[in-house]
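One letter stands for each residue in the lines below.
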Amino acid sequence: MPRFHLAMYFDTTAPPPDDLPQIMAEVETLNEEMRDNGAWVTAAGFGPATEARVVASDDHGAETTVGTYLTNSVQQGGFWLIDAASMGDAIVWAERASRALRIPVEVREVRED
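Scoring rules and cut-offs
All residue numbers refer to positions counted from 1 along the written sequence of the respective chain. Thresholds applied to this predicted model are a pLDDT of at least 70 for local features of residues and 80 or more for the giving and counting of side-chain atom pairs; totals over whole chains, interfaces and linings are not thresholded and use all residues. Based on all heavy atoms of the structure, the side-chain values leave hydrogens and waters out of the count. Just to be clear on terms, a salt bridge is a Lys or Arg side-chain nitrogen sitting within 4 Å of an Asp or Glu carboxyl oxygen. Counting from the N terminus, the helices are the DSSP runs of H or I reaching at least four residues and the strands are the DSSP runs of E reaching at least two. Using a 1.4 Å probe on the protein chains alone, a residue whose accessible area is under 20% of its type maximum counts as buried, one over 50% counts as exposed, and one in between counts as partly exposed. Residue contacts are counted whenever heavy atoms from the two residues lie within 4.5 Å of one another.

Colleague: Sorry, what's going on with the pattern of salt bridges here?
Modeller: One side chain can pair with another of opposite charge once the charged atoms of both are near each other. Applying the stated criterion across every chain, the model contains five salt bridges. Residues R3 and D83 are paired through a salt bridge, measuring 2.9 Å at the closest nitrogen-oxygen approach. With R3 in strand β1 (residues 3-11) and D83 in strand β5 (residues 74-83), this residue pair connects regions lying 80 residues apart in the sequence. Judged by relative accessible area, R3 falls into the partly exposed class, the value being 26%.

Colleague: How should I be thinking about the environment of M34 in this particular structure?
Modeller: Here M34 is to be found in helix α1 (residues 20-36). Separated by 36 residues in sequence, M34 and L70 place their C-alpha atoms 30 Å apart. When residues no more than four places from it in sequence are discounted, the contact partners of M34 are L6, A39, W40, W80, I82 and W93.

Take a look at the structure:
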């Protein structure tokens, strides 16, 4: 069965939503439904983008810089890895995730070959 990465993105300059406890409850309900339907593989949230490190290596060594690779305020906040029969089925889960989170969710097929 194909595997899909569902990525959640948010604006790091925006204040946290007032209804964050409600959002988290809706996400947990969605997670349970994914598990019950056999779609769930794993999911995780990321630490603050300001704590990220970028490592760039070449033949002469490596350099580590503080911060994210992409330098804009929209950053990935976490992800789901799911099993779904098709991109269309994965999009259905992403629509539900976007609705629960109140932010965009990107869907990409994971290529394991």
